[in-house]
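# Residue-level structural notes
Each chain, written out:
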Amino acid sequence: MKNTFKSVAAAFFGVQNESNRKRDFSEGRLSHFIIAGIIAVLIFIGCLVAVVSLVMPN
């Protein structure tokens, strides 16, 4: 699962290398990537909301 999160994070920023991509397609489980992707998107949205809340006046 740790490798899945690392791969999703690398793909999220567009820096996934070829060997990891091949490993993901041969050994990874689709459900793990979907769950990790949803978690990554929720964290990203939460960070955006926090930054906007700090910048915008009340």
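Scroll up to find the structure.
Throughout what follows, the structure given in this document is the object of discussion. Counting from 1, residues in each chain are numbered in the order their sequence is written. Residue-level local features of this predicted model are given only where pLDDT is at least 70; pairs of side-chain atoms are given and counted only at 80 or more, and the full residue set underlies all totals for whole chains, interfaces and linings. To obtain the side-chain values, all non-hydrogen atoms of the structure were used and water was disregarded.

### Notes on a nonpolar patch on the surface
Patch membership requires over 30% relative accessible area and the absence of a salt bridge. Like charges are linked within 9 Å, and nonpolar side chains (Val, Leu, Ile, Met, Phe, Trp, Tyr) within 5 Å. Only the protein chains shown count as cover for residues, and all accessible areas are computed by the Shrake-Rupley method using a 1.4 Å probe. Basic side-chain nitrogens of Lys or Arg form a salt bridge, by our definition, when they fall within 4 Å of a carboxyl oxygen of Asp or Glu. Together, F12, F13, V15, V41, F44, I45, L48 and V49 make up a nonpolar patch on the protein surface, roughly 790 Å² of accessible area in all. Every helix listed is a DSSP run of H or I at least four residues long, and every strand listed is a run of E at least two residues long, numbered separately from the N terminus. Elements represented by at least two residues in the nonpolar patch include exactly helix 1 (2-13) and helix 3 (30-55). Top contributing element to the nonpolar patch by residue count: helix 3, with five residues.

### Here we look at the packing of aromatic side chains
Aromatic pairing here means that ring centres of Phe, Tyr or Trp (its six-membered ring) are within 6.5 Å. Orientation follows from the plane angle: under 30 degrees is stacked, over 60 is edge-to-face, and everything else is tilted. This structure, assessed with the given rule, holds two aromatic pairs. Here the aromatic rings of F12 and F44 are separated by 5.5 Å at their centres, their planes lie at 70°, and the arrangement is edge-to-face. A residue pair is termed long-range when its members are at least 10 positions apart, and F12 in helix 1 and F44 in helix 3 qualify at 32 residues. When its relative accessible area of 40% is taken as the criterion, F12 is described as partly exposed. Accessibility here uses a 1.4 Å probe with only protein chains present; expressed as a share of the type maximum, an area under 20% marks a residue as buried, one over 50% as exposed, and anything in between as partly exposed. Of the residues examined, F44 reaches a relative accessible area of 42% and is grouped as partly exposed. Each member of the aromatic cluster is reached from another via a ring pair, and the members are F12, F13 and F44.

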